Each structure stands twice: as structure tokens, then as C-alpha cells.
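# Geometric and topological summary
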Amino acid sequence: MRALVAMSGGVDSSVAAALTLDAGYEVIGATLKQWEGPGGTLPANGCCTVADAEDARSAAGRLGIRHYVLDYTEEFSRRVVEPFTEGYLAGRTPNPCIECNRRVRFRALLDRAADLGCDVLVTGHHARIRTDAAGHHLLRAVDPDKDQSYVLHMLGQDELARIRFPVGEMTKSEVRAEAARRGMRTAAKPDSQDLCFIARDHRVFLEERFPDAARPGPIVDASGA
């Protein structure tokens, strides 16, 4: 069995790759380039940075697995960043992480997994999958403080059948302890909670692109209050 592991450069995906290797899979690591810094390079800050790619490569090297960086900047910009900015201009508060998982990350990686002859796609998300006679079910992670099932709700039966979340059965402290035991430099790496394409205040990001839209106005909820 062969597995494609999405490796972001964080501790969760590093440990997910190690656990998949332990489970007897032939493992291939892949890091997505989704946003560009100056001159078409990986950004220097935020997440999905040069340092993150190097951390992913380091983890792959320590595990002795192949590692690739896949360029999805055009698709990410079109399917995630543009709807994000358009949503704010229309008075909504979009969640680009959900659209990234829906439109780019899982779709791109599942397609690439098939191209590489991989049986499953593995990620470091904190979520779980259970299968019974009724089908595949997405569950919350063991660690309620790190649960990410809410950004994966769009995954259907076909996707869930081919995806594995090995760290969803562990607490975050257990994940870090496992990385430390294996000598991974990501063991103490802080969690990334930034939008990968915004390394500063999102309002500055929007004002730079749409200066005329930066003006005072009412904040209204869905009921009109």
C-alpha cells in the first residue's frame, strides 16, 4: 500500500507521516505551494513559508521518504483568495480555510495521490473517520482543543474512503511527545493559526487591494440586527 502524506512543515503532519510509515505504507510526502512572496518565491512569514517547506523536507529526510513541493498558487488565488476578498466586499465574513480544503487542498492532493498510484491520502488534521455499514463518518478529534473537523465537513463519502487522519486519535501533547521521541525538529514548533496568505492584519491586506472599500459602516447580523 502506498500513501501520499500532506506535509505542511508542522508537527502534526510530520508525526502523521511517521505513523503512516509505521503502519507499513510506502510513504510519499507532498508540500503545497499555495501563495507566493516577492519574485514568485515562498513567502517569508505567515504560514506555508520557506521555513515550513524546509521543516517538511527535514521530516521527510529523517523518515527516509520522497518529498515533493507542488505548485498550486494559481488555483489557490482563483478559488480561495479571490472569493475571500469578494466576500468581505459583499459584507460577509468568509472562512478561506474551508474553501481551501474544499476547492484546492483535498481535491488537488487526491488527484495527485491517484497520479502517483497512492491508495490513501494522509493529513495531519485533528479529526477522525469511522466506517460502519452506513458508510464513512467524520468525527471530532480526541483533543477537543485542537479539533479541526469543522473545516472538513464538506468531505463526501468518496473522499472519506481514501483519507486518513492518524493524529486525530492523539492529544496535541501526545503528538509533540511522539515527535520529540523521534528527534524531529518540529516537536516544539508553535501551531500556525494564521491565514497562509496574510502575514499581518487582514484589514491591511484588503485595504491594499480595495482602498475605496475601507470606510465606516454598520455591522449587521443575519437577522438584520
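Look up: the structure comes first, before these words.
Please read all numbers here as calculations on a predicted model, not as lab measurements.

The next point concerns the overall build of the chain. A count of helices and strands for the chain gives seven helices and seven strands. Counting helices and strands in the order they occur from the N terminus, the chain gives β-α-β-α-β-α-α-β-β-β-α-β-α-α. Since a compact globule built from 225 residues should have a radius of gyration of about 17 Å, the 18 Å found for the chain is in line with a globular shape. Oriented by its inertia axes, the alpha-carbon framework of the chain measures out at about 55 × 45 × 35 Å. When burial is assessed residue by residue, the chain has 44% of its 225 residues classed as buried. For the chain, the share of sequence-separated contacts (at least 6 apart) that also reach a separation of at least 24 residues comes to 71%.

Looking now at the packing of aromatic side chains. The tally for this structure, following the rule as stated, stands at two aromatic pairs. With a centroid separation of 5.2 Å and 75° between ring planes, the pair formed by Phe84 and Tyr88 is classed as edge-to-face. In this pair, Phe84 and Tyr88 both sit in helix 3 (residues 73-89), four residues apart, roughly one turn of the helix. Judged by its relative accessible area of 3%, Phe84 falls in the buried class. Among the aromatic residues, those joined into a cluster by ring pairs are Phe84, Tyr88 and Phe205. One residue, Arg209, lies across the ring of Phe205, its end atom 3.7 Å from the ring centre.

Taken together, five strands build an open sheet; the order of strands is 3-2-1-4-7 and the sheet is parallel. Edge positions in the open sheet fall to strand 3 (66-71) and strand 7 (163-164), since each of these has one partner strand only. Note: strand 4 (residues 120-122) against strand 7, two bridges, orientation parallel. Paired with Val122 across the strands is Arg164, a residue of strand 7. Strands in contact with helix 2 (residues 50-63) are strand 2 (26-33) and strand 3; relative to strand 3, the strand with the most contacts, it is inclined by about 155°.

Mapped onto the fold, Phe210 is located in the segment after helix 7 (202-209). The exposure class of Phe210 is partly exposed, given its relative accessible area of 31%. In this structure the C-alpha to C-alpha distance between Phe210 and Val151, which are 59 residues apart in sequence, comes to 28 Å. Setting aside chain neighbours within four positions, we find Phe210 in contact with Thr85 and Leu89.

Quick look at the pairing of strand 5 (residues 127-132) now. Where strand 5 meets strand 6 (residues 135-140), six bridges bridge the pair, whose relative direction is antiparallel. Within strand 6, the residue paired with Ile129 across the bridge is Leu138.

Turning to helix 4 (residues 96-115), a few remarks are in order. Taking 1.5 Å as the rise per residue, helix 4 with 20 residues should run 28 Å; its terminal C-alpha atoms sit 27 Å apart, in good agreement. You can read the cap of helix 4 off the contacts: a side-chain oxygen lies 3.0 Å from the backbone nitrogen of Cys97, and it is on Asn95. Two residues or fewer after helix 4 comes Gly117, characterised by a positive phi angle close to 70°.

Parameters and conventions
Residues numbered from 1 in each chain as written. Predicted model: local features only at pLDDT ≥ 70, side-chain atom pairs only at ≥ 80, totals over all residues. Heavy atoms only, no water. Helix = DSSP H or I, 4+ residues; strand = E, 2+ residues; numbered from the N terminus. Rg over C-alpha atoms; globule rule 2.2 N^0.38 Å. Buried < 20%, exposed > 50% of the residue type's maximum accessible area, 1.4 Å probe, protein only. Contact = heavy atoms within 4.5 Å. Phe/Tyr/Trp six-rings, centres within 6.5 Å; stacked < 30°, edge-to-face > 60°. Lys NZ or Arg CZ within 6 Å of the ring centre and 35° of its normal. Pairing = 2+ DSSP bridges. Axes fitted to C-alpha atoms, helices over the stretch in contact; angles between N-to-C directions. Expected span 1.5 Å × (residues − 1). Polar contact = N/O pair within 3.5 Å; in protein donor to acceptor, adjacent residues only side chain to side chain.

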